Amino acid sequence: VKLHMKSRDNLKVIIVNAVAFTSGGSFVILEDFLKSISVRDDIFYIVFCSVDSFAFSLAQNIQIINPNAKSWCRRLWWDFYGLKKWCQQNNIQPALLFSLQSCGSRFFSDIPQIIYYHQPMPIYNNNWNLFNKSQRVLWLKKIVLKYIMQLFISDETIFIAQLKTIKKRIQQTFNVLSSQIKIFYPTIPNDID
């Protein structure tokens, strides 16, 4: 992989992990995030996602890399080993890992992580049955995904939630402090009729 960033001592690299996003509401989150990045000489974004191009121009300080990690198995490998290995192989020492996909990553212990949380299943009160065919996927998202998410949470992890109720459920489910969860309400565009 050839990186298109200028090497500078004061350059901060932010890793954005969004490999699970290819369509729907989660993909809109990724597009909105990318559109909001302004050009800066001191920050470079390396965005890992499962698409190769967008219908709009990206800022010059963004590089898109597709690690081919869309499937569940590949995504698990990526979150547990691949992302950290990629950074080591490319001599990237990021200042921050920003995950847009509700789950952090097994990363460098001294690198802070921000997790944009929008997956309701692990924090939802309902209990599904693994042995009921129509409920199996819901059970997996509730139990297995919750367990995986907990593996990557540290005292330095910051969550972003859209609602106070989501913040409360994150606190209860993952046993994190209120100060670790920031609320950013969704915005409505100014040009709506």
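Preceding this section is the structure that the text describes.
Just so you know, these numbers come straight off a predicted model, no measurement behind them.

*Asks:* A description of the side chain of Ser50 should follow, citing residues and the corresponding values.
*Replies:* Topologically, Ser50 is positioned in the loop between β2 (43-49) and β3 (62-65). By relative accessible area, Ser50 is classed as buried at 14%. A polar atom in the side chain of Ser50 sits 2.4 Å from the backbone oxygen of Val19. Apart from residues no more than four positions distant in its own chain, Ser50 is found in contact with Ala18, Val19, Phe21, Thr22, Asn66, Ala69 and Lys70.

*Asks:* Tell me about the sheet that holds β3, residues and numbers included.
*Replies:* In spatial order, the strands read β3-β2-β1-β4-β5-β6-β7; together these 7 strands make up an open sheet with parallel pairing. A strand with exactly one partner marks an edge of an open sheet, and here the two such strands are β3 and β7 (181-183). In this sheet, adjacent strand axes meet at a mean angle of 20 degrees when their direction is disregarded. Direction of pairing for strand β6 (residues 158-161) relative to β7: parallel, over a ladder of 3 bridges.

*Asks:* Mind laying out the pattern of salt bridges, listing which residues take part and the relevant values?
*Replies:* Opposite charge on two side chains makes pairing possible when the charged atoms of those side chains draw close. The full count for this structure, using the stated rule, is 2 salt bridges. With a shortest N-O distance of 3.4 Å, Asp79 and Arg75 are connected by a salt bridge. With Asp79 and Arg75 both in helix α2 (residues 72-89) and 4 residues apart, the pair spans about one turn of that helix. Neither Asp79 nor Arg75 differs from the other in exposure class; each is buried.

*Asks:* Describe the packing of aromatic side chains, and please don't skip the residues or the numbers.
*Replies:* One pass over the full model with this rule turns up 12 aromatic pairs. Ring geometry for Tyr117 versus Phe159: centroids 6.3 Å apart, planes at 65 degrees, classification edge-to-face. Taken together, the residues Tyr117 in the loop between β5 (113-116) and α3 (136-151) and Phe159 in strand β6 connect sequence positions 42 residues apart. The pair formed by Tyr117 and Phe159 is uniform in burial state, with each residue classed as buried. Summarising the aromatic geometry, the rings of Tyr117 and Phe174 are spaced 6.1 Å apart at their centres and angled 65 degrees between planes, so their arrangement reads as edge-to-face.

Reading the values: rules and limits
Residues numbered from 1 in each chain as written. Predicted model: local features only at pLDDT ≥ 70, side-chain atom pairs only at ≥ 80, totals over all residues. Heavy atoms only, no water. Helix = DSSP H or I, 4+ residues; strand = E, 2+ residues; numbered from the N terminus. Buried < 20%, exposed > 50% of the residue type's maximum accessible area, 1.4 Å probe, protein only. Polar contact = N/O pair within 3.5 Å; in protein donor to acceptor, adjacent residues only side chain to side chain. Contact = heavy atoms within 4.5 Å. Pairing = 2+ DSSP bridges. Axes fitted to C-alpha atoms, helices over the stretch in contact; angles between N-to-C directions. Salt bridge = Lys/Arg side-chain N within 4 Å of Asp/Glu carboxyl O. Phe/Tyr/Trp six-rings, centres within 6.5 Å; stacked < 30°, edge-to-face > 60°.

Fair warning: the whole summary comes from geometry, so function is off the table for now.
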